[in-house]
Amino acid sequence: MVTLQTLTVGQFQEIYKVQKSEMDEEEKMTEMVSILSGKTIREVEDMPITEFTKLANDIKEVLRQELPAAEPKKIIGKYGITYEPAKLNRGQYITVNHFMKGDSIDNCHLILASLTYDQKTGKHDADNHKKIAEDLQEANFLDAYSACVFFSHLFKVSINSLRDFLVLELSKKGKGQEMKDLLKDLDGFIMPSKLQTLKA
């Protein structure tokens, strides 16, 4: 059975893309059943209608649910997660800032990969960002999304607490608009209790 608790980051991202697409509703449901069942489109089309209907109904139910508020986990997959913005190095800050400007669901794995550290060494591995992000697409979606939302809130609070100083400093350098844009982008990171998952 498909549940919100069993979805991976990658599966949720694929479903999210399908939901945003211009496909008709029947085609969307076929694609989503394919994503969650691990079957090809052809295999889904060859399914008995009762099996397809059950999976489609499970998906519709999942998509109607609100994302629950959850405690962020210190470990996601095999990676430790740094939640304190002050502990980020300059490269992590730039990378996180870049990915937070986009869609929080599309970029969830990329944002998280920017916050990871090796549990043995305690160090962030920027050289393997792409591989880490790919690994995190296999992580539990609720764990990953909760971590992103929690971090974005802390990040925004830390930026806001320095807002006047940063705006002044960036304005001196002709970059005041960049700071305002960042604060606006951070406002787009919605707390899970306020976000209905997707419309089925």
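In this text, all values refer to a predicted model and were calculated from it rather than measured experimentally. (Residues numbered from 1 in each chain as written. Predicted model: local features only at pLDDT ≥ 70, side-chain atom pairs only at ≥ 80, totals over all residues. Heavy atoms only, no water.)

## Observations concerning the overall build of the protein chain
From N to C terminus, the protein chain includes 10 helices and 3 strands. Going from N to C terminus, the protein chain has its helices and strands arranged as α-α-α-α-β-β-α-α-β-α-α-α-α. Looking at the 200 residues of the protein chain, the share that counts as buried comes to 41%. Long-range contacts, defined here as pairs at least 24 residues apart, represent 69% of the contacts in the protein chain between residues at least 6 apart. Carbon together with sulfur atoms contributes 51% to the accessible area of the protein chain, which is approximately 11400 Å² in total. (Helix = DSSP H or I, 4+ residues; strand = E, 2+ residues; numbered from the N terminus. Buried < 20%, exposed > 50% of the residue type's maximum accessible area, 1.4 Å probe, protein only. Contact = heavy atoms within 4.5 Å. Areas by Shrake-Rupley, 256 points an atom, 1.4 Å probe, with all protein chains shown as cover.)

## Concerning the pattern of salt bridges
Inspection of every chain in the model, using the stated rule, returns 10 salt bridges. K73 is the partner of D143 in a salt bridge, and the nearest nitrogen-oxygen pair spans 3.4 Å. One end of the pair, D143, is in helix α8 (residues 141-161); the other, K73, is in the loop between α4 (49-64) and β1 (75-76), with 70 residues separating them in the sequence. In this structure, a network of salt bridges that share partners links the residues R42, E45 and D46. (Salt bridge = Lys/Arg side-chain N within 4 Å of Asp/Glu carboxyl O.)

## Digging into the environment of S104
Tracing the backbone shows S104 in the loop between α5 (90-100) and α6 (108-115). Residue S104 is classed as buried on the basis of its relative accessible area, which comes to 12%. Distance in space between the C-alpha atoms of S104 and S152 is 9.6 Å, their sequence separation being 48 residues.

## Points about the side chain of T82
Of note, T82 is situated in the loop between β2 (79-81) and α5. For T82, a relative accessible area of 14% gives the class buried. Setting aside its immediate chain neighbours within four residues, T82 contacts K87, L88, L115, Y117 and F151.

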